[in-house]
Amino acid sequence: MIRINLLPADLRRGTRLPAKVLAVAFASALAVSASIGWFGLKWFGELKDAEQRLVVKSGELVERQRKVLYVDQLEANKADYTSRVQTIQDIGKSRLVWSKFLDELIDVVNNEGDSDKHLAWFDSVVVKGDPVRGATVQLKCAVQGDEQDRLANFHDDIAASPFGKGVTISDPNWTLDEDEGRVPPTSLRFDLNLQFPPTVAKPQAGAPAKAPAKK
Amino acid sequence: MANWTQTKLVYTIGGAATLLCLAAGGGIYWAQGLIDEANAQVQAKQDLIEKADNRIRQVPALERDVIILRENLGEYVKILPDDKELTDFLRMLNQFNRQSGVKSSSLVNKQRNGAKTTERFTPIEYSYEMTATLWQAIKFMNLVENFERFVSITEFQISSGAGGDKEQTRDGDVVHQFKLTLQTYSYNGKGDGKEVHIPDYQNLKEQLREEIWKRMQAIRIDRYEHRGEMGRRDVMIDPRERGDATAPGPTQEEQREVLERNIGEIARLRDVQQRIKKQDTTLFEQYSLEKNLKEGLDKLAVQVDADAPIVTYPPFRLRWAREVVAQLEDLRGATVTKGGPPKDPYLPDAEMRQLVADMTADCNSGQLEQAKTRYELVIARLAVPAEDPRHEFAIQAKAWHVKATTALDFKALDLKVQGVVVNPEGRSGVLLNGETFEEGEYVSDDLLVKLVEEEQIWFVFRGLTLVRTM
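Residues numbered from 1 in each chain as written. Chains lettered and ligands numbered in written order. Predicted model: local features only at pLDDT ≥ 70, side-chain atom pairs only at ≥ 80, totals over all residues.

1. Remarks on the overall build of chain A
Right, on to step 1. Along the backbone of chain A there are three helices and six strands.
Right, on to step 2. Out of the 215 residues in chain A, the part that is buried amounts to 31%.
Right, on to step 3. Taking as baseline every contact in chain A between residues at least 6 positions apart, the subset at least 24 positions apart corresponds to 61%. (Helix = DSSP H or I, 4+ residues; strand = E, 2+ residues; numbered from the N terminus. Buried ≥ 20, exposed ≤ 12 C-beta atoms within 10 Å, placed from the backbone. Contact = placed C-beta atoms within 7 Å.)

Put into structure tokens, the structure is as follows:
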């Protein structure tokens, strides 16, 4: 018996795609679509979104940085002005008013006219200012007579004077001097050194002691 | 493909799909990496933004500090001279010389040449040599130290000019040698260009005006008013009496005797005065004591006039002024109040003229306190009647006293001139203690701004015109 298959070739059982292949193809297509879809979501969704946020934040940061630059400039100005103001204040504080000192020293020497306690005078006065280490005053002194207690009284009065607070006074020492041209002829001559306390607290570079650095 | 087996076809499709899936998976992994990276960058930028925000929040406080400091600095640096003002400083030194009477012999700039001009605070030192009496020199130093621009006397040396053949005198006082080092700082605030622009600066400054003013008080340069000689002796002179036979005048012992005799008489009269005040004395005793006091005072006044030239020993002169002359005036004042005026209760003509001359000199040289004290020491003896020829001098002395007192009160007002606006075609103005006043405006009931010039301001204070230099 001769059998003739009149169906078109692609519909014939022997040549049509089997269901298994179709199933695999369908599953593959689904998997590939899902994968590519996921990738698309990641790429065009999340990544672009993140990039967009990054652009926004970068913009915000640039805006902030302009303001931060302003803050930096303000801080720099503040530090600069503070330093300059401090220097001027140090300069102001570093000064001792020597006319006041001399007035007070003259009061001590004059001693309200009481010449029995001591009668002193100076041959020379040398003052050297140093704001960091403290000013020094070197006095070449003499007190009338040969009684040592007058010298001691003079030392005590110097220590008790308005400028004497905080001042270090040199120890008493003397040599006897005789001048026949004077009455009385004897006097005790001595060097008196006064060391004033520093007027500037810290020895800094830039303190107004000698040569302040650029502030 | 038509010839492919079913299995081969399945593997091919499956394989291709797997490859595509793997590629997509790789893409997803890579994209996730990029996303994470972008997120990390976003987070990092967010952190930076937060940090920036924290700093930006400080802007108002910083602006406030900078405005206060900038305004204060502008005021502070006014105490330091710039180059132009240094030449003015030399003019001021010349003026101080004239006011104090010192004679300068050299001025040497010690440091200017070596200093870097780029420094903001450049120290400038001058060595100044001069001859002067002690009082002239202290007056000069005081004028320098009270100068509006900051000047410090960093070193000085006094060498006594007393004794020896070369001893010189000026106005009766011995001339000494002085060597001073004057130091100031030149402020170079120009050309920095780093000042930040603060928006709405003027408005903020106006809001902070009080704070600026408060902080400005932090810098106060110590000043001192020299009291003048006030009867004190020159401490650079050996006060002992000259022992040579040619030395004129009474000896020290004789002078002491005169001094103590007068002090003793003052004490006796004080005792009489105290006894008069006691309640338990009889009327007769009262009369007798008052008579005794009156006669004693008259006698003592004559005696003091006669003894005054005898007391020349410097240590005794101060005691004479304080323990005799001042005490006698005090006693006489009390007696005048109680028992009527003495025969001639007024200063003698010569002393009256001398008082006016001294007060004129004091006021012209800026010794206002001394002029005031001079007048007040003898005020009880200045109420001269109009018909007395001394009346004219008493009026002159009173006028100087009023001027000195007014000027001292004006000084005590603590007026801080912060700036001037000079308008040649209209009314000029001055910024005074934080407030603006135009010419013709009253600062207080008795203080009027009369004229504002670039370098000085004319005030009228209690009817007296006073000039305040910048």
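2. Here we look at the environment of Asn364 of chain B
Residues and elements named next belong to chain B.
Right, on to step 1. Position of Asn364 relative to the elements: it lies in helix H10 (residues 349–364).
Right, on to step 2. Using a count of 11 C-beta atoms within 10 Å as the deciding quantity, one classes Asn364 as exposed.
Right, on to step 3. As for Asn364 and Ser100, which are separated by 264 residues in sequence, their C-alpha atoms are 10.0 Å apart.

3. So, the sheet that holds strand S12 (residues 456–461) of chain B
All names here are of chain B.
Right, on to step 1. Here four strands make up an open sheet; going across it, the order is S10-S11-S12-S13 and the pairing antiparallel. The sheet is open, and its two borders are formed by strand S10 (442–444) and strand S13 (464–469), each paired with just one other strand. For this sheet, the mean inter-axis angle between neighbouring strands, taken without regard to orientation, is 30 degrees.
Right, on to step 2. For strand S11 (residues 447–452) and S12, the ladder comprises five bridges, and the chain directions are antiparallel. Its bridge partner being in S12, Leu447 is matched across the sheet by Phe461. (Pairing = 2+ DSSP bridges. Axes fitted to C-alpha atoms, helices over the stretch in contact; angles between N-to-C directions.)

4. Overview of the interface of chain B and chain A
Right, on to step 1. Contacts between chain B and chain A engage 89 residues on the former and 80 residues on the latter.
Right, on to step 2. Among the secondary structure elements, those contributing two or more residues to the side of chain B that touches chain A are helix H1 (6–56), helix H2 (59–76), strand S2 (121–133), helix H4 (134–145), strand S3 (152–159), strand S6 (241–242) and helix H9 (314–339) of chain B.
Right, on to step 3. The biggest single contributor to the side of chain B that touches chain A is H1 of chain B, with 29 residues.
Right, on to step 4. Looking at side-chain class alone, the side of chain B that touches chain A contains 47 nonpolar, 20 polar and 22 charged residues.
Right, on to step 5. Bridging between strand S1 (residues 120–128) of chain A and S3 of chain B involves five bridges; their strand directions are antiparallel. (Nonpolar A, V, L, I, M, F, W, Y, C, P; charged D, E, K, R; others polar.)

5. Quick look at the confidence of the model for chain B
Right, on to step 1. For chain B, per-residue confidence averages 83 on the pLDDT scale, and 91% of positions sit at 70 or higher.
Right, on to step 2. Listed scores for the predicted complex are pTM 0.63 and ipTM 0.72. (pLDDT = per-residue confidence, 0-100.)

6. Re H2 of chain B
Right, on to step 1. Its 18 residues give H2 of chain B an end-to-end C-alpha distance of 25 Å, which sits within 8% of 26 Å, the value for a rise of 1.5 Å per residue.
Right, on to step 2. The complete set of buried residues in H2 of chain B reads Leu62, Glu63, Val66, Ile67, Ile68, Leu69, Arg70, Glu71, Asn72 and Tyr76 of chain B.
Right, on to step 3. Tucked into the core, H2 of chain B has its buried residues touching helix H1 (19–93) of chain A together with helix H5 (201–207) and helix H6 (209–216) of chain B. (Expected span 1.5 Å × (residues − 1).)

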